[in-house]
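The primary structure of each chain is shown beneath.
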Amino acid sequence: LGHVLWGSSSLLLPKAYRDLMVPKLHSHDFRTSFYGLASQNVGLMGITGGTGEYAIAYGHLGATYGYDSILAYNPKLDLAIAVASNIETPDQLQPSDTFCRVFNRAKNFMIGEAVQKCTFVQSGYYGGTCTCK
């Protein structure tokens, strides 16, 4: 669903509407750089472990009774990843940790990098650091 919505050839929305959903990624105003229309710049949460265009990921966190999730799209790789868990925690660590590892393994494969070992250390509900070596 993430790729169909935000991908390079969005099938759900015309480009003008899709662009409203994308946070202003180069804004210095956190209110517009973190939130678009119903989407977040989850890359600012540190979940990609990348720099430059590989640090960008927009999507949304999800939480409800007994369930945590994240969906994020990286435009450089034209890659969307959804992580769903039937474990609900107050800090949603497991979706971000899983995203960090899966995103970077996919990136390694897609751009021909050596496989890296990644870890995610959380620093709050909306933040942490994905580090790959």
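Thoughts on the overall build of the protein
Okay, step 1: Counting secondary structure elements, the protein contains four helices and five strands.
Okay, step 2: In sequence order, the protein lays out its α and β elements as α-α-α-β-β-β-α-β-β.
Okay, step 3: Taken over C-alpha atoms, the radius of gyration comes to 14 Å for the protein, in line with the 14 Å a tight globule of 133 residues would show.
Okay, step 4: Seen along its three principal axes, the alpha-carbon backbone of the protein occupies a region of about 40 × 35 × 30 Å.
Okay, step 5: Looking at the protein as a whole, 41% of its 133 residues are labelled buried.

Some points on the state of the cysteines
Okay, step 1: Enumeration over the complete set of coordinates arrives at two disulfides.
Okay, step 2: Disulfide pairing places Cys118 opposite Cys132 at an S-S distance of 2.1 Å. Taking the torsion about the sulfur-sulfur bond, which here is approximately 110°, the covalent link between Cys118 and Cys132 counts as right-handed. Highlighted residues: Cys118 in strand β4 (residues 118-124) and Cys132 in strand β5 (residues 127-132), separated in sequence by 14 residues. Of the two residues, Cys118 and Cys132, neither departs from the other in class, the shared state being buried.

Quick notes on the side chain of Asp97
Okay, step 1: Along the polypeptide, Asp97 turns up in helix α4 (residues 93-111).
Okay, step 2: Looking at Asp97, the relative accessible area reads 19%, which means it is buried.
Okay, step 3: Side chain to side chain, Asp97 and Arg101 meet in a polar contact 3.2 Å long.

Observations regarding the sheet that holds strand β3 (residues 79-85)
Okay, step 1: The three strands lie next to each other as β1-β2-β3, forming an open sheet whose pairing is antiparallel. Of all strands in the sheet, those bounded by a partner on one side alone are β1 (58-64) and β3. Taking each pair of neighbouring strands and ignoring which way they run, the sheet shows an average axis angle of 5°.
Okay, step 2: In this sheet, strand β2 (residues 67-74) lies alongside β1 in antiparallel orientation, the contact comprising seven bridges. Paired with His60 across the bridge in β2 is Leu71.
Okay, step 3: This element, α4, spans β2 and β3 of the sheet and lies at about 150° to β3.

Some points on the packing of aromatic side chains
Okay, step 1: Tallying each qualifying case throughout the model produces three aromatic pairs.
Okay, step 2: Ring geometry for Phe99 and Phe103: centres 5.5 Å apart, planes at 10°, overall stacked. Residue Phe99 and its partner Phe103 are both found in helix α4; the two are separated by four residues, about one turn of the helix. Across the pair, Phe103 and Phe99 agree in class, each one buried.
Okay, step 3: An aromatic cluster is built from Trp6, Tyr58 and Tyr73, whose rings are joined through pairwise contacts.

About the thresholds
In this convention, every chain numbers its residues from 1, walking through the sequence in written order. A pLDDT threshold of at least 70 governs which residues receive local features in this predicted model, and a stricter bar of 80 or more applies before side-chain atom pairs are shown or counted, although totals over entire chains, interfaces and linings include all residues. With hydrogens and water set aside, each side-chain value is computed from the structure's full complement of heavy atoms. Helix and strand definitions follow DSSP, with helices as H or I runs of at least four residues and strands as E runs of at least two, each counted in order from the N terminus. Based on C-alpha atoms, the radius of gyration is set beside the globule rule, defined as 2.2 Å times the residue count to the power 0.38. Think of it in three bands: residues with accessible area under 20% of the maximum for their type are buried, residues over 50% are exposed, and the middle band is partly exposed, with areas taken using a 1.4 Å probe on protein chains only. When the sulfur atoms of two cysteines come within 2.5 Å, that pair is taken as a disulfide. Nitrogen and oxygen atoms within 3.5 Å of one another constitute a polar contact, given that in protein one can donate a hydrogen and the other can accept it, and given that sequence-neighbouring residues count only through two side-chain atoms. By the convention used here, strands pair only if DSSP detects at least 2 bridges between them. Fitting a line to C-alpha atoms yields each axis, with helices limited to the stretch in contact; the angle taken between N-to-C directions then spans 0 to 180 degrees. Note on contacts: a residue pair is in contact if any heavy atoms of the two residues lie within 4.5 Å. Here is the rule: rings of Phe, Tyr and Trp (six-membered ring for Trp) pair when centre to centre is within 6.5 Å. Planes less than 30 degrees apart are stacked, more than 60 are edge-to-face, and the remainder are tilted.

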